[in-house]
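Residues per chain, in single letters:
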2 protein chains.
Amino acid sequence: MRAIVITIGDELLNGTTVDTNSAFLGRELGNIGIQLFEKLAISDKKEHIIDSLERYVGKADLILFTGGLGPTKDDITKQTLCEYFGGTLVRDASVLAGIEKAFARRGLTMTDRNSDQALVPDVCTVVPNAYGTAPGMLFEQNGSLVFSMPGVPFEMRSMFAEQVIPILQQRLELPVIVNRHLMTSGIGESWLADRIADLEEALPPHITLAYLPSPGVVKLRLTGRGTDSRKLQEEVDAQVQLFAERLGKHVYGYDEETLMASIGRRLMALNKTLSLAESCTGGNIGKLITSIPGSSAYFMGSVVSYDNSVKEKVLGVSRATLDTHGAVSEETVQEMLSGILRITGTHYAIAVSGVAGPGGGTEDKPVGTVYIGVAGPSVTEIKRYTFGQKRDTNIEYSSMYALHQLRSMLDADLEKQGISA
Amino acid sequence: MRAIVITIGDELLNGTTVDTNSAFLGRELGNIGIQLFEKLAISDKKEHIIDSLERYVGKADLILFTGGLGPTKDDITKQTLCEYFGGTLVRDASVLAGIEKAFARRGLTMTDRNSDQALVPDVCTVVPNAYGTAPGMLFEQNGSLVFSMPGVPFEMRSMFAEQVIPILQQRLELPVIVNRHLMTSGIGESWLADRIADLEEALPPHITLAYLPSPGVVKLRLTGRGTDSRKLQEEVDAQVQLFAERLGKHVYGYDEETLMASIGRRLMALNKTLSLAESCTGGNIGKLITSIPGSSAYFMGSVVSYDNSVKEKVLGVSRATLDTHGAVSEETVQEMLSGILRITGTHYAIAVSGVAGPGGGTEDKPVGTVYIGVAGPSVTEIKRYTFGQKRDTNIEYSSMYALHQLRSMLDADLEKQGISA
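For clarity, every value in this text was computed on a predicted model and none was experimentally measured.

Engineer: Kindly report on the environment of Ala238 of chain B, identifying the contributing residues and their values.
Structural biologist: Residue and element names in this part refer to chain B. Of note, Ala238 is situated in helix α10 (residues 229-247). By relative accessible area, which is 42% here, Ala238 ends up partly exposed. Separated by 140 residues in sequence, Ala238 and Ser378 have C-alpha atoms that sit 36 Å apart.

Put into structure tokens, the structure is as follows:
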């Protein structure tokens with residue numbers, strides 16, 4: 001099985017746009033058992049599209065084009081594909097009806113350019129576009145399935161998931177693939193690898209493990225390949241169970257749940273509320289917490305006390321504490337916690353104060369020094385971290401480790417009360 | 001001139017990593033007058049690397065490999081390149097010294113695997129890696145310059161900027177390229193295009209205009225190509241002047257300055273301070289403001305009043321206002337502004353309240369309805385916006401339009417006081 005993704009567009013070559021479509025397709029193809037062989041990005045010129053077809057048609061089993069469609073591109077991709085596969089453009093009634101409906105819904109008037117999007121090669125199968133006006137197309141030649149999809153990410157993603165995958169599953173002999181994820185927080189990849197080395201070693205050859213690290217979170221992916229779907233699911237689930245038992249409290253969730261979503265799930269199970277007192281993170285923890293729809297059920301709000309005057313006046317941190325211990329200290333974070341709990345009356349609170357950099361570092365507290373405190377109904381925990389030199393990564397790590405500390409406390413409280421989240 | 005970027009790594013094909021290196025290279029090449037012809041992503045297998053070399057060596061003038069280097073990859077790329085170009089691996093004293101220095105600095109012990117990174121093909125020119133242990137390499141064959149660079153973005157970026165570009169400028173006949181940017185906020189791309197259509201039309205053929213839109217901000221890039229650097233600079237500057245005059249107050253800055261940085265520059269010129277009262281943006285405006293190093297000079301802090309109780313208790317929004325007009329209203333935003341100014345004593349404040357979605361919409365105030373208010377020393381402006389259906393883009397647009405409104409007020413105040421920022 002040889003699969004190729006070809007992205008079309010000058011904006012991909014001159015770097016105006018970072019291509020996320022091909023990474024999406026790589027992941028989605030992997031999920032149905034197709035390993036991408038290579039990816040090519042080309043300009044939206046006719047000769048370049050022809051050249052790529054000559055290079056791959058008859059040699060690859062699957063060719064996925066994205067981009068180069070749409071009214072402003074003069075439909076160069078569609079015309080070129082039509083010509084290459086020896087067809088003629090004809091008006092497709094169902095595509096036209098879809099375009100007319102889309103325009104009516106938005107109360108807009110169609111131009112000729114818009115209705116010309118209903119012209120499709122008579123040698124292709126139309127692949128409907130549920131979220132846009134440029135139809136997808138499927139051509140077949142010399143053993144190659146050639147799909148052309150729009151480049152707009154959300155149009156392409158839904159077309160691929162809803163239309164293309166079912167065709168691939170019907171037309172190609174694909175293995176059964178089962179993916180499961182374990183989500184861990186607050187520990188490093190190498191620590192994790194040491195902890196589960198023997199389990200990884202003992203995996204049967206048809207089940208593989210991948211480490212997918214990001215700041216504060218490492219995702220473990222177990223991938224099983226086989227032919228019997230039910231049996232494989234059971235085998236992978238059994239392995240997930242083994243790894244989860246070994247890693248215990250380091251696992252906060254499964255199957256790509258974010259740390260923010262897992263915190264929301266826990267707070268709702270406990271029926272408790274949260275507030276924040278941020279400083280060096282500037283609002284980023286609140287931004288992360290509120291990225292979850294429905295977070296207003298448990299998140300009350302926050303004070304970003306960037307300047308010491310706000311720490312004093314709003315949160316009630318004492319001048320003496322700031323003078324004696326400094327804004328970046330356990331004592332200040334303790335008083336930030338007391339202050340935000342007093343103001344908002346929530347059950348839990350996070351407070352963070354640190355030196356994000358590039359300025360503000362001292363010998364005792366260099367750039368990257370951050371105090372993170374979490375207060376709950378029964379206990380308060382404040383830790384000192386030393387992250388790195390870069391402002392943006394210091395903010396990101398501070399935020400994710402604060403969420404990790406909160407998650408750990410919520411887990412302890414859930415366990416104490418015998419509640420499962 | 002035919003230039004190709006080849007990225008090596010299974011993580012790029014299976015979608016674990018989104019490739020940002022090739023977009024960086026596309027932009028940087030464009031800046032020195034080289035248009036990227038195509039980009040290819042391949043696996044880190046020997047036969048795949050050989051196949052790509054056979055495809056391009058002698059046909060492309062410039063081939064840039066990234067990735068596939070480093071001790072954990074078994075240096076497959078280095079060995080393959082060495083073999084393809086007919087060389088032998090030899091220990092390079094300067095590379096070894098660099099690796100030893102890097103290990104000593106971090107207090108780590110070198111393994112054989114690390115010192116083997118000093119093995120380089122005797123048929124290449126070593127390209128030093130200032131930020132890592134895997135050296136870059138330059139090979140030449142049949143008119144092709146072939147560079148191999150590490151895949152770690154910050155190592156690759158500095159190697160390319162500091163080492164590779166000077167070689168390209170020396171070895172290739174490159175045109176002189178001058179890029180200048182105009183940064184605009186608060187207006188759409190099509191409005192902009194209409195407004196400057198005649199100026200764009202009148203551009204000389206060697207100067208081109210590109211629109212680079214992102215939420216709330218449209219960057220205009222003028223690119224001049226020529227041979228005489230000074231003359232071209234003057235010509236492009238003159239065009240920048242024409243476009244800037246036409247667009248007037250819509251231009252907030254030049255040459256890729258962010259809206260956040262431009263606000264900091266203005267507040268510092270006015271010697272004034274800022275605070276925020278956020279609601280639906282959850283902390284994101286504070287996060288954006290504090291992404292700028294040194295923002296503590298003018299940003300005092302914020303209250304994220306996600307729940308109405310925080311709007312009442314902390315910001316002092318009256319219960320009557322919330323009951324009568326709702327949290328998403330001009331009246332509430334007005335009281336949020338008064339509250340945050342009273343608490344923090346800053347000269348300027350932003351307040352935002354809206355329905356980010358997916359829940360919470362009503363017939364009068366559907367999802368995407370957002371009130372954005374800005375208060376300054378002399379005036380308060382509150383506007384109602386209707387953004388879209390998606391939670392994350394509503395938050396992003398609300399934040400950027402809030403910054404745009406603040407920027408406009410700062411410009412008016414700077415003008416009134418005859419200060420140039």
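Engineer: So what about the pairing of strand β3 (residues 62-66) of chain A? Which residues, and what values?
Structural biologist: Residues and elements named next belong to chain A. Of all 5 residues making up β3, 5 are buried, and the element is well covered by its neighbours. Of the two faces of β3, the one carrying Leu62, Leu64 and Thr66 and the one carrying Ile63 and Phe65 are both buried. Looking at chain direction, strand β1 (residues 3-8) and β3 are connected through 5 bridges and run parallel. Among the inter-strand pairings, Ile6 is bridged to a residue of β3, identified as Phe65.

Engineer: Quick one: what's the story with empty space enclosed by the protein, residue by residue and with numbers?
Structural biologist: For the structure on display, the rule yields 1 cavity of 30 Å³ or more. Each pocket or cavity is described by its volume, and for the largest cavity that value is around 110 Å³. If you trace the largest cavity, you find it lined by Thr7, Asp19, Ser22, Lys39, Leu40 and Ala41 of chain A together with Thr7, Asp19, Ser22, Lys39, Leu40 and Ala41 of chain B. Those elements that provide at least two residues to the lining of the largest cavity are β2 (36-42) of chain A together with β2 (36-42) of chain B. Per-class residue counts for the lining of the largest cavity are 4 nonpolar, 4 polar and 4 charged.

Engineer: Residue-level account of the packing of helix α2 (residues 21-31) of chain B against helix α7 (residues 153-171) of chain B, with values.
Structural biologist: Residues and elements named next belong to chain B. Contact pair α2 / α7: the axes reach a minimum separation of 11 Å and the direction vectors enclose 25 degrees. The orientation of α2 with respect to α7, classified from their angle, is roughly parallel. Every pair of crossing elements has a handedness; the one defined by α2 and α7 is right-handed. For the pair formed by α2 and α7, the contact residues are Asn21, Phe24, Leu25, Glu28 and Leu29 on the first element and Pro153, Met156, Arg157, Phe160, Ile165 and Leu168 on the second.

Engineer: Let's hear about the interface of chain A and chain B: which residues, and what values?
Structural biologist: In this assembly, 55 residues from chain A lie in contact with 55 residues from chain B. Roughly 4100 Å² of surface becomes buried between chain A and chain B when both sides are summed, with 56% attributable to carbon and sulfur atoms. For the chain A face of the interface with chain B, the top three residues by lost area are Leu13, Lys39 and Tyr306 of chain A, together amounting to 14%. At the boundary of chain A and chain B, one finds 2 salt bridges. The partner of Glu38 of chain A in a salt bridge is Arg55 of chain B, and the shortest N-O contact between them spans 2.9 Å. Counting residues per element, the side of chain A that touches chain B draws most heavily on β2 of chain A, at 7 residues. Classifying every residue of the side of chain A that touches chain B gives 23 nonpolar, 22 polar and 10 charged.

Engineer: Tell me about a nonpolar patch on the surface, and please be specific about residues and values.
Structural biologist: On the surface, a cluster of nonpolar side chains totalling about 300 Å² of accessible area is made up of Tyr131, Val152 and Phe154 of chain A. Residue placement: Phe154 of chain A occurs in helix α7 (residues 153-171).

Engineer: With reference to specific residues and values, describe the relation of the copies chain A and chain B.
Structural biologist: Between chain A and chain B, the superposition needs a rotation of 180 degrees and an axial shift of 0.1 Å, giving an RMSD of 0.2 Å. Taken together, these values place the two copies in the relation of a two-fold axis. Of the residues that chain A buries at the interface, 100% are likewise interface residues in chain B, meaning the two copies contact each other through the same surface.

Engineer: I'd love a proper account of the side chain of Ser305 of chain A, names of residues and values included.
Structural biologist: With respect to the helices, strands and loops of the structure, Ser305 of chain A is situated in the loop between β14 (299-304) and α13 (308-313). With residues up to four places along the chain from it excluded, the contact list for Ser305 of chain A reads Glu278, Ser279, Val310, Lys311, Leu315 and Met336 of chain A together with Met300 of chain B.

Engineer: Can you tell me about the packing of aromatic side chains, naming the residues and giving the values?
Structural biologist: In the structure shown here, the tally under the stated rule is 20 aromatic pairs over all chains. A ring pair is formed by Phe299 of chain A and Tyr306 of chain B, whose centres lie 5.4 Å apart and whose planes are at 50 degrees; its orientation type is tilted. In this pair, Phe299 of chain A is assigned in strand β14 and Tyr306 of chain B in the loop between β14 (299-304) and α13 (308-313), connecting two distinct chains. On the accessibility criterion, Tyr306 of chain B (13% relative accessible area) is buried.

Engineer: Lay out the sheet that holds strand β12 (residues 251-254) of chain A with the relevant residues and their values.
Structural biologist: Residue and element names in this part refer to chain A. The 4 strands are arranged β10-β11-β9-β12 in an open sheet whose pairing can be described as antiparallel. The sheet is open, and its two edges are formed by β10 (207-214) and β12, each paired on a single side. Strand-to-strand, the axes of this sheet are offset by a mean angle of 25 degrees, without reference to chain direction. With 10 bridges connecting them, strand β9 (residues 176-185) and strand β11 (residues 217-226) associate as antiparallel partners. Note that in β11 the partner of Thr184 across the bridge is Val218. The sheet strands contacting helix α10 (residues 229-247) are β9, β10, β11 and β12, and the helix crosses β9 at an angle near 15 degrees.

Engineer: Let's hear about the sheet that holds strand β6 (residues 125-127) of chain B: which residues, and what values?
Structural biologist: Taken in spatial order, the 12 strands make up an open sheet running β6(A)-β7(A)-β8(A)-β3(A)-β1(A)-β2(A)-β2(B)-β1(B)-β3(B)-β8(B)-β7(B)-β6(B), and their pairing is mixed. Unpaired on one side and paired on the other, β6 (125-127) of chain A together with β6 of chain B mark the two borders of the sheet. Going from strand to strand, the sheet's axes swing by 20 degrees on average, the running direction of each strand aside. Across 5 bridges, strand β7 (residues 136-141) of chain A lies against strand β8 (residues 144-149) of chain A in antiparallel orientation. Along β8 of chain A, the bridge assignment pairs Met137 of chain A with Ser148 of chain A.

The rules behind each value
Residues numbered from 1 in each chain as written. Chains lettered and ligands numbered in written order. Predicted model: local features only at pLDDT ≥ 70, side-chain atom pairs only at ≥ 80, totals over all residues. Heavy atoms only, no water. Helix = DSSP H or I, 4+ residues; strand = E, 2+ residues; numbered from the N terminus. Buried < 20%, exposed > 50% of the residue type's maximum accessible area, 1.4 Å probe, protein only. Pairing = 2+ DSSP bridges. 1 Å grid on protein atoms, 1.4 Å probe; cavity = no way out; pocket = protein on both sides within 12 Å on 5 of 7 lines; lining within 4 Å. Points joined across faces, edges and corners; volume = space filled by probe spheres on them. Nonpolar A, V, L, I, M, F, W, Y, C, P; charged D, E, K, R; others polar. Axes fitted to C-alpha atoms, helices over the stretch in contact; angles between N-to-C directions. Parallel < 35°, antiparallel > 145°, perpendicular 65-115°, else oblique. Left-handed = near helix turned anticlockwise from the far one by under 90°. Contact = heavy atoms within 4.5 Å. Buried area = accessible area lost by both parts, 1.4 Å probe. Salt bridge = Lys/Arg side-chain N within 4 Å of Asp/Glu carboxyl O. Patch = residues over 30% accessible without salt bridge, like charges linked within 9 Å, V, L, I, M, F, W, Y side chains within 5 Å. Areas by Shrake-Rupley, 256 points an atom, 1.4 Å probe, with all protein chains shown as cover. Least-squares fit on C-alpha atoms with pLDDT ≥ 70 in both. Phe/Tyr/Trp six-rings, centres within 6.5 Å; stacked < 30°, edge-to-face > 60°.

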